[in-house]
Amino acid sequence: MSDTGGTTRRRGRPPRTESADTRDRILTTAREEFSEHGYQKTSVRGIAKAAGVDAALVHHYFGTKEQIFEAAIEVAFAPALEAPTAIVDAPLDRVGEQLTRFIIGVWENPTTRKPVLAIVRSAVNNDTAAAVFRRLIVAQVMQRVAARLDAPDAELRVELAAAQLVGCAMLRYVIKVEPLASADPEQIVARLAPVVQGHLTGP
């Protein structure tokens, strides 16, 4: 029996020095795959192939497809979720503008656009993706806004505002309907913010 002088490692697992880079590469690849194909049509095997690793390694780091989806989305989207504090702290009569700027800003930023695209495209026909969307957007942003409203239908008001913003984002960034898709972001904020404010604090 020959001895190469090396150590045997389990199939699919890189040395520790490679693990961080490999994990990041898998996350980046997963985010791109989910963004392009949606949750339903993306597979762990497909992610592994695109990342140049064994499928067992994807499972080793992240577990199920649902878990890698959540990890890929949340890692990229986490910085944007620091913004809701500014929204919540804004004067109540300016929350509509702040919320609109936040949502449009997330879509305009190339770093956060891909994970949001992955969520939106997947949430339409997949419960897992829809749950991630609710947790990231509704629970962490919308519920905090609703808590500020002195109205018995605060949650409904916030959901109507969210519907306005999500609908606009779908037309502009996903379906790319013109002239909305090419409009200046400031023009969109100027026209949309009063409508969002009306849902939140109007009669």
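First, a word on scope: everything that follows refers to the structure included in this document.

Cut-off values and rules
Residues numbered from 1 in each chain as written. Predicted model: local features only at pLDDT ≥ 70, side-chain atom pairs only at ≥ 80, totals over all residues. Heavy atoms only, no water. Core = buried A, V, L, I, M, F, W, Y, C linked by side-chain atoms within 4.5 Å. Buried < 20%, exposed > 50% of the residue type's maximum accessible area, 1.4 Å probe, protein only. Helix = DSSP H or I, 4+ residues; strand = E, 2+ residues; numbered from the N terminus. Contact = heavy atoms within 4.5 Å. Salt bridge = Lys/Arg side-chain N within 4 Å of Asp/Glu carboxyl O.

Attention now goes to the nonpolar core. Within soluble globular proteins, side chains that are nonpolar generally end up buried alongside one another. Counting residues in hydrophobic clusters, the biggest one holds 31 residues, and the most contacted among them are Leu99, Trp107, Val158, Val196 and Leu200. Only α6 (95–108), α7 (110–123), α8 (127–146), α9 (154–174) and α10 (185–201) provide two or more residues apiece to this core. Sequence-distant contacts of Val196, defined by excluding residues within four places in its chain, comprise Gly96, Leu99, Thr100, Ala161, Gln164 and Leu165. Of all hydrophobic cores here, the second largest spans 24 residues; its members include Tyr39, Tyr61, Ala72 and Ala129.

Our next topic: the pattern of salt bridges. Using the criterion set out here, one finds five salt bridges in the structure. Notably, a salt bridge pairs Arg101 with Glu186, separated by 2.8 Å at the nearest N-O pair. Of this pair, Arg101 sits in helix α6 while Glu186 sits in helix α10, and the two are 85 residues apart along the sequence. Residue classification places Glu186 among the partly exposed positions, given a relative accessible area of 43%. Salt-bridge contacts for Arg172 lead to Glu108; the nearest nitrogen and oxygen are separated by 2.9 Å. Taken together, the residues Arg172 in helix α9 and Glu108 in helix α6 connect sequence positions 64 residues apart. Since its relative accessible area comes to 6%, Arg172 is described here as buried. Through salt bridges with shared partners, one network takes in Arg94, Glu97, Arg101 and Glu186.

Cis rather than trans, the peptide bond between Glu178 and Pro179 has omega equal to 10°. By the secondary structure assignment, Pro179 is in the loop between α9 and α10. With a phi angle near 60°, Lys176 is a residue other than glycine that sits in the positive phi range. Here Lys176 is to be found in the loop between α9 and α10.

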